[in-house]
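A structural walkthrough
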Amino acid sequence: MTTTSAETVLAPARTRAATAVATVRRGQGFQHGGWFVAPFLALFVLFVIWPLLRGVWLSLTDANISGEGARFVGLANYREALDDPMMWDALGHSAYFTLLVVPCITVLAFLLAMLAHNIERAKWLWRLCFFAPFLLPSTVAANMWQWLFTQGIGLFNHTLGIDTPWLTDKSYAMPAIVIQTLWWTVGFSFLLYLAALQGIPGHLYEAAKLDGANAWQRMVHITLPMLRNITGLVITLQILASLQLFDQAVVMMDFGPGPELSTRSFVQYTLEQGFTGYRVGYASAISVIFFLIIAVVALARMWLLRTREEGAR
């Protein structure tokens, strides 16, 4: 092809590119892009922003479940919440559950990912087995483990040869929920770790082997540092999810707060106030407090990540 013919072929493409650039510069491209973003923004405002603003407004009133006769009470609901020992007990239960789950699920997910990544045969089967429980609905997983933990007839006690009252003793109720949660949700963190492991360049391990590094040294000096960011993500996601404990605790405890209220979480207490005590305004105030706690955790994670990135530069 001659130079003239090549220019003839490429000229329309260059013209279209120049036109697109000029359109963007004039702002028309952003106007057209706005139509693509508009459906998401509308749904986001309808299902996130509006309920949030509505909840904040209700928290400043004495609204009941009927929604009639609500009066503005200012910060009275917040003052009552901060002086409510039952709210702090429920928050303590959620925090205790989080402290138990997050370290265990982080370590377990990492070990399972290492196993699935390094095993030679039937990799797909191992990955399926580790991830499959996460696909179960929360009520199904909770009902399964409720039967496993049932005293007298449960498979858990029968296999171990014990007779532990997992679901009726406050000393064992929360650990039982933790065990069920680990089995049910570890698959998500396992998948994140597995994807990160597959992204580590293989030549790093080959160079370490040539230098005489054993498997433990390769894991400590290569694998763990390369997984630092994904570990931070897993910990953050698990903290946010664990603080919102509700489904498995309610179902496993037969839709109650557990023995001596030992498993009543913050979310469950909020729902009790709103739909059992009919105090929607007070429940909304508790929800706002919980939202602020979650926001602080998320912002702390962002600050730590930014500080780490700035320190690495």
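As a starting point, this report considers the structure included with it.

The rules behind each value
- Residues numbered from 1 in each chain as written.
- Predicted model: local features only at pLDDT ≥ 70, side-chain atom pairs only at ≥ 80, totals over all residues.
- Heavy atoms only, no water.
- Phe/Tyr/Trp six-rings, centres within 6.5 Å; stacked < 30°, edge-to-face > 60°.
- Helix = DSSP H or I, 4+ residues; strand = E, 2+ residues; numbered from the N terminus.
- Buried < 20%, exposed > 50% of the residue type's maximum accessible area, 1.4 Å probe, protein only.
- Axes fitted to C-alpha atoms, helices over the stretch in contact; angles between N-to-C directions.
- Contact = heavy atoms within 4.5 Å.
- Nonpolar A, V, L, I, M, F, W, Y, C, P; charged D, E, K, R; others polar.
- Salt bridge = Lys/Arg side-chain N within 4 Å of Asp/Glu carboxyl O.

**Concerning the packing of aromatic side chains**
Enumeration over the complete set of coordinates arrives at 15 aromatic pairs. Measuring from centroid to centroid gives 5.5 Å for Trp145 and Phe149, while their planes differ by 40°, and the two rings are tilted. Pair noted here: Trp145 and Phe149 are both in helix H6 (residues 138–149), with a separation of four residues, about one helical turn. Overall, Trp145 belongs to the buried group, its relative accessible area being 10%.

**Side note on the packing of helix H5 (residues 123–131) against helix H8 (residues 170–198)**
Contact geometry of H5 with H8 gives a least axis separation of 8 Å together with a crossing angle of 145°. Of the residues in H8, those touching H5 at Arg127, Phe130 and Phe131 are Val186, Gly187, Phe188, Phe190, Leu191, Leu194 and Gln198. Classifying every residue of the contact of H5 with H8 gives seven nonpolar, two polar and one charged.

**Details of the side chain of Thr270**
Examined against the element boundaries, Thr270 turns out to sit in helix H13 (residues 266–276). Given a relative accessible area of 11%, Thr270 falls into the buried group. Setting aside residues up to four positions removed in sequence, Thr270 forms contacts with Ala283, Ile286 and Ser287.

**What about H13?**
Residues of H13 that are buried include every one of Phe266, Gln268, Tyr269, Thr270, Gln273 and Gly274, and no others. Looking one or two residues beyond H13, the residue adopting positive phi is Tyr278, at roughly 60°.

**Regarding the pattern of salt bridges**
Across all of its chains, the model carries four salt bridges by this definition. Between Asp62 and Arg71 there is a salt bridge, and its shortest N-O distance comes to 3.0 Å. Relative accessible area serves as the criterion here: at 30%, Asp62 is assigned to the partly exposed category. By relative accessible area, which is 52% here, Arg71 ends up exposed. Between Lys170 and Glu260 there is a salt bridge; the shortest N-O distance is 3.4 Å. Of this pair, Lys170 sits in helix H8 while Glu260 is found in the loop between helix H12 (247–252) and H13, placing the two residues 90 residues apart along the sequence. Exposure remark for Lys170: the relative accessible area of 45% places this residue in the partly exposed category.

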